[in-house]
2 protein chains.
Amino acid sequence: MGDHLVRIDAQDRAVNAFIDFDADRALRLARAADQQPEKGLLHGVPFAVKDIIDTVDLPTSWGSPIYKGFQAPRNASCVEMLMRAGAIPIGKTVTTEFAYFSPGATRNPHNLDHTPGGSSSGSAAAVADGMAVFGLGSQTAASLTRPAAYCGVFGYKASQGSIDLQGVMGLAASLDSLGLLARGIDDLILARAALCGTVLPGDVQGHSSPQKIAFFKGPHWHEASQSMQDACISAAEALRSAGVSVTDLESPSEFTHLSECHKTVMAFEVARARHFEFRNHPEQLSSAFYGLIETGLSTSRADYDAALAARDAGEAALAKLLSSYDAIMTPAATSGAPAGIEATGDPLFSRLWTVMRVPTVTLPFGRDTANLPLAFQLVGRFGADQTLLAHSRVIADHLQISCEIPKLQPHP
Amino acid sequence: MGDHLVRIDAQDRAVNAFIDFDADRALRLARAADQQPEKGLLHGVPFAVKDIIDTVDLPTSWGSPIYKGFQAPRNASCVEMLMRAGAIPIGKTVTTEFAYFSPGATRNPHNLDHTPGGSSSGSAAAVADGMAVFGLGSQTAASLTRPAAYCGVFGYKASQGSIDLQGVMGLAASLDSLGLLARGIDDLILARAALCGTVLPGDVQGHSSPQKIAFFKGPHWHEASQSMQDACISAAEALRSAGVSVTDLESPSEFTHLSECHKTVMAFEVARARHFEFRNHPEQLSSAFYGLIETGLSTSRADYDAALAARDAGEAALAKLLSSYDAIMTPAATSGAPAGIEATGDPLFSRLWTVMRVPTVTLPFGRDTANLPLAFQLVGRFGADQTLLAHSRVIADHLQISCEIPKLQPHP
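First, a word on scope: everything that follows refers to the structure included in this document. Quick caveat, the model's predicted, so the values are computed rather than measured. (Residues numbered from 1 in each chain as written. Chains lettered and ligands numbered in written order. Predicted model: local features only at pLDDT ≥ 70, side-chain atom pairs only at ≥ 80, totals over all residues.)

1. Describing the nonpolar core
Of all hydrophobic cores here, the largest spans 262 residues; its most connected members are Phe47 of chain A together with Phe47 of chain B. Beyond its immediate sequence surroundings of up to four residues, Phe47 of chain B is in contact with Leu82, Ala87, Ile88, Pro89, Ile90, Ala132, Val133, Phe134, Gly135 and Leu136 of chain B. (Core = buried A, V, L, I, M, F, W, Y, C linked by C-beta atoms within 7 Å. Buried ≥ 20, exposed ≤ 12 C-beta atoms within 10 Å, placed from the backbone. Contact = placed C-beta atoms within 7 Å.)

2. What about helix H3 (residues 77–84) of chain B?
Residue and element names in this part refer to chain B. Buried residues dominate H3, accounting for eight of its eight residues. Regarding H3, the residues found buried are Ser77, Cys78, Val79, Glu80, Met81, Leu82, Met83 and Arg84. Of the residues trailing H3, Gly86 is marked for its positive phi of about 95°. (Helix = DSSP H or I, 4+ residues; strand = E, 2+ residues; numbered from the N terminus.)

3. Here we look at the sheet that holds strand S6 (residues 177–182) of chain A
Residues and elements named next belong to chain A. In space, the eleven strands of this open sheet follow the order S1-S3-S2-S4-S6-S5-S10-S11-S9-S7-S8, with mixed pairing throughout. Strands at the two margins of the open sheet, each flanked by one partner only, are strand S1 (18–21) and strand S8 (245–249). When the angles between neighbouring strand axes are averaged without regard to direction, this sheet yields 30°. Both S1 and strand S3 (residues 88–93) contribute to a ladder of three bridges, which runs antiparallel. Bridge assignment links Asp20 to a residue of S3, and that residue is Lys92. On top of the sheet, helix H7 (residues 226–241) reaches strand S7 (212–216), S8, strand S9 (327–331), strand S10 (360–367) and strand S11 (373–379); it is set at about 60° to S11, its chief contact. (Pairing = 2+ DSSP bridges. Axes fitted to C-alpha atoms, helices over the stretch in contact; angles between N-to-C directions.)

4. Remarks on the interface of chain B and chain A
Each side of the interface is counted separately: chain B has 24 residues, and chain A has 24 residues. Within the residue set of the side of chain B that touches chain A, elements represented by two or more residues are H3, helix H8 (258–273) and helix H9 (275–280) of chain B. Broken down by class, the residue content of the side of chain B that touches chain A amounts to nine nonpolar, eight polar and seven charged. (Nonpolar A, V, L, I, M, F, W, Y, C, P; charged D, E, K, R; others polar.)

5. Observations regarding the sheet that holds strand S8 (residues 245–249) of chain B
Residue and element names in this part refer to chain B. Overall, mixed pairing links the eleven strands, which are arranged S1-S3-S2-S4-S6-S5-S10-S11-S9-S7-S8 in an open sheet. Of all strands in the sheet, those bounded by a partner on one side alone are strand S1 (18–21) and S8. For this sheet, the mean angle separating the axes of adjacent strands, direction not counted, is 30°. Sheet topology places strand S7 (residues 212–216) next to strand S9 (residues 327–331); three bridges connect them, and they run parallel. When the sheet's bridge partners are listed, Phe215 is paired in S9 with Met329. Contacting S7, S8, S9, strand S10 (360–367) and strand S11 (373–379), helix H7 (residues 226–241) crosses the sheet at an angle of about 60° to S11.

6. So, the relation of the copies chain B and chain A
Superposition of chain B onto chain A requires a rotation of 180° combined with a translation of 0.0 Å along the rotation axis, giving an RMSD of 0.0 Å. Put plainly, the chains are arranged around a two-fold axis. Looking at chain B, 100% of its interface residues are interface residues in chain A too, so the copies touch through the same face. (Least-squares fit on C-alpha atoms with pLDDT ≥ 70 in both.)

7. Remarks on the pairing of S7 of chain B
Residue and element names in this part refer to chain B. Direction of pairing for S7 relative to S8: parallel, over a ladder of five bridges. What sits directly across from Ala214, in S8, is Thr247. Tracing the backbone out of S7, into H7 and back to the parallel element S8 gives a crossover that is right-handed. (Right-handed = clockwise from strand over helix to strand, strands pointing away.)

8. Examining helix H11 (residues 301–321) of chain A
Think of an α-helix as 3.6 residues a turn; residues three or four steps apart then line up on the same face. Residue and element names in this part refer to chain A. Its 21 residues give H11 an end-to-end C-alpha distance of 30 Å, which sits within 8% of 30 Å, the value for a rise of 1.5 Å per residue. Where H11 is concerned, the buried positions are Tyr304, Ala307, Ala310, Arg311, Gly314 and Leu318. Along the axis of H11, the buried residues cluster in a sector spanning 120°; they form a single face. Away from the buried face of H11 by more than 90 degrees, exposed residues Ala302, Ala309, Asp312 and Lys320 are located. (Expected span 1.5 Å × (residues − 1). Arc of directions from axis to C-beta.)

9. Notes on the packing of helix H3 (residues 77–84) of chain A against helix H6 (residues 185–196) of chain A
Residue and element names in this part refer to chain A. Contact geometry for H3 and H6: axes closest at 8 Å, N-to-C directions at 110°. The angle between H3 and H6 falls in the class roughly perpendicular. The two elements H3 and H6 cross, and the hand of that crossing is right-handed. Residues Cys78, Met81 and Leu82 of H3 form the contact with H6, whose participating residues are Ala191, Ala194 and Leu195. (Parallel < 35°, antiparallel > 145°, perpendicular 65-115°, else oblique. Left-handed = near helix turned anticlockwise from the far one by under 90°.)

10. With respect to the packing of helix H8 (residues 258–273) of chain A against helix H12 (residues 348–355) of chain A
Residues and elements named next belong to chain A. Where H8 contacts H12, the two axes come as close as 8 Å, and the packing angle between them is 75°. It follows from the interaxial angle that H8 and H12 lie roughly perpendicular. Of H12, the residues touching H8 (which contributes Leu258, Ser259, Cys261, His262 and Val265) are Leu348, Arg351, Leu352, Thr354 and Val355. Across the contact of H8 with H12, the residue classes break down as six nonpolar, three polar and one charged.

Now the structure itself:
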């Protein structure tokens, strides 16, 4: 753990990944883990905790001034499950306001003038910069996939509902899902096993080789940057060269309006989940967040129910597709990390998969013209997260993906 | 609201429905509601809040000494939605420990020597005794249906996931559902409309008449008391006399082990959701709750996944059945409220429907040999809660059900 604490000390004044961090506390937790009678799957492994996740001994402020310094009376269940496996929650990482769009102070470790993405900004930056082995993140639109892509690390978003959310701020109950960020897929696999209550999965050592991948440009392909398109196409070519069948897939008609349905579901549900802050602290909300709640309150239940019904139809079409393919391969974001930290980028390429509740793994591949990381994502069958991770591991090997820690940058 | 406050003052030293109540605060909230520019659907209606639901100005202690006096920093979204419609949360009502089995101090208003049921003990007793127009409850096993039945009031458990749970203690995420208790079905319909974001439903005034009811004895019929069996059979007879088709229904084979699957899912999920208390405060847990978590931690993910798969098969069989019937009619509990307040009764008759996530409405009908209320429940299609409530209203009319407030009882 020492290396990570040294890195935080050296670099976090520049990166601002952590909002609450205390080296003495981290060392104390590590010593306590050492005294447990059995060594767990993640013994002594330091991890970062997104600041919408409750921790009993560090504040949880949800990226909002309303809850600055709020001390939760317990740990979220995900923190508990990781600690039970011996992992050490070393600190809380920056989130956007209520895990929506208004950014915190985090910078992209690959270039401090660029956004790390959001809302799991701090966890992605901390992991990319070698400050933690893995990070807890969450996704309601693209909050895990996008920062993983922008920061050049692996990202795993779980099948919705497969990891307990007790003690995690709720934003939109039909969409909220936990996930993990790491520089190696094995770390994702091990941390997921601890979170989900599986023992060490058999296929961490073995190889479950994907035979058939569907390459999916989808309804938004023309909104991806040229470098992102090129990176995805060249990843597909490289896989073909490695003997994997990669077939172009037409977008089913059921998907056409699902990105819009995602927006409808999200607005309706956020308006309920965060109504207290809207009613009692409107002056402390960003105008974007206030506007989202207004939109949600003026959305009718009938429109919401129709969006969920369209989601159900999309899920059925997707399940049918995934009976013929091992995974779908598609861009992880519209581009590399945009310049500036006043915004966190576009969630467009994740809405579809998030609303359909399926697991995704983000794999860094290539660089854009500004030398910032690019990435594609693999989409798997609902509930088949472990298989998707095993396939992702083989694909990462084929593509020789490695996530190097960027060089130390001068403080801006 | 005055009548309700008077009733609480006169009677709650005997019934112990409320754990936190402050008449001045209730009147202050009512005055604030009066000053809102628009009168909502539930303007000025006093309601009771189960003490696993966060309120910003009264403590939320989850029925556990661990959280005695804990003050949440916000209202749960369900409280917000009801307040938005003008309703007044007059106080917090007793729950069992973490909404599981270990009871609080509440007594049954129909006979103070009997249990009100649990875990929504206080909300059911408060409503039955005329202390509130309706109460918020929740159900993970039988925590709403059973107290509604024992206390002789109407109970509505929502389709799982249809009402936002933000700010409600999580026990088992696949099972937890909110619901309502009231002495009239119209109150359930109106409060649900406020909770779900529908406007005044068109069928509150109209009648959506159920044509075909399935009478379901199910796998546990022989475990119901003779009076419960008799009450259900005579309700079915009365409906037939009123011209409703009531047909005996065989239990599909997919249902056979679902009550056991419910237990597996519940233990596995509770062990995660409440692991913090298990690890940090074991001495403050009842042995029953501690044992539940031990069971859950020793349940394998494979067994849990198998239970969820059996649930999926059950839901498909149930959906098929409910394409031929308007609702299923079945006992709401094994018997009337047992004597004593050291236990809250048996959840057996609800496990099946809770694990299958469908909406249920409990209707009081008949009395047992100790003159305590009996009840049956109607089970509807997933997501068709409004139709189920409308059908329940017609059936309650056919059976001339009215929930009288019991006479004041001498303090025990």
